[in-house]
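An overview of the molecular structure
Spelled out, the chains give:
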Amino acid sequence: MENSSNFAKNRLAAASKTKDTARRLALVLATVSGAVLVLLAVALIDYWLILPLSARLVGTGLVAVLVGLGIRELLQSFRQPTALKDAALD
């Protein structure tokens with residue numbers, strides 16, 4: 001009985017690690033794609049309208065805020081890994 005409970009616990013731990021990895025990868029990809037999308041939008045608008053420096057700085061600040069929020073969420077995911085119960089429910 002001991003062996004089967006350790007086996008189940010090890011499988012749940014592996015599933016939890018896999019779920020964490022997938023969640024972190026999705027978070028990184030979403031952050032990078034959002035930042036690139038905003039950067040390209042500002043660059044395209046700048047190409048068409050030749051934006052003043054203040055508008056360019058606002059666009060750069062928006063990209064920085066998106067990246068900062070993504071990094072914060074990524075750090076939170078490292079601090080709070082998926083519980084075994086959540087992995088078992090999946």
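Residues numbered from 1 in each chain as written. Predicted model: local features only at pLDDT ≥ 70, side-chain atom pairs only at ≥ 80, totals over all residues. Heavy atoms only, no water.

1. Remarks on the overall build of the protein
Our working rule: Secondary structure follows DSSP: runs of H or I at least 4 residues long count as helices, runs of E at least 2 residues long count as strands, and numbering of each begins at the N terminus. Exposure categories follow from relative accessible area, calculated using a 1.4 Å probe and restricted to protein chains: below 20% of the type maximum is buried, above 50% is exposed, and the middle band is partly exposed. In this description, contact between two residues means that some pair of their heavy atoms is separated by no more than 4.5 Å. Note on areas: these come from Shrake-Rupley sampling with a 1.4 Å probe, and a residue is covered only by the protein chains present in the view. Under this rule, positive means Lys or Arg and negative means Asp or Glu; His and the chain ends count for nothing. In this description, the location of a charge corresponds to atom NZ of lysine, CZ of arginine, CG of aspartate or CD of glutamate.
Per the secondary structure count, the protein includes three helices and zero strands. The secondary structure elements of the protein, listed N-terminal to C-terminal, are α-α-α. Counting only C-alpha atoms, the protein reaches 70 × 20 × 15 Å along its principal axes. Here the protein holds 90 residues, and 16% of them are scored as buried. Look at the contacts in the protein between residues 6 or more apart in sequence, and 86% of them connect residues 24 or more apart. Total accessible area on the protein stands at roughly 7,000 Å², and carbon and sulfur atoms take up 71% of it. Distance between charge centres in the protein, computed from 10 positive and 6 negative side chains, equals 2 Å.

2. Side note on the pattern of salt bridges
For side chains bearing opposite charge, pairing can occur when the charged atoms are close. Inclusion rule: A pairing counts as a salt bridge when a side-chain nitrogen of Lys or Arg comes within 4 Å of a carboxyl oxygen of Asp or Glu.
Counted according to the given criterion, the structure contains three salt bridges. Here R23 ties to D20 by a salt bridge, and the two come within 3.9 Å at their closest N and O atoms. Note that R23 and D20 are positioned in helix α1 (residues 2–49) at a spacing of three residues, about one turn of the helix.

3. Digging into the side chain of S16
Checked against the element boundaries, S16 lands in helix α1. A relative accessible area of 6% places S16 in the buried class. If we ignore the near neighbours within four places in the chain, the residues touching S16 are T82, A83, L84 and A87.

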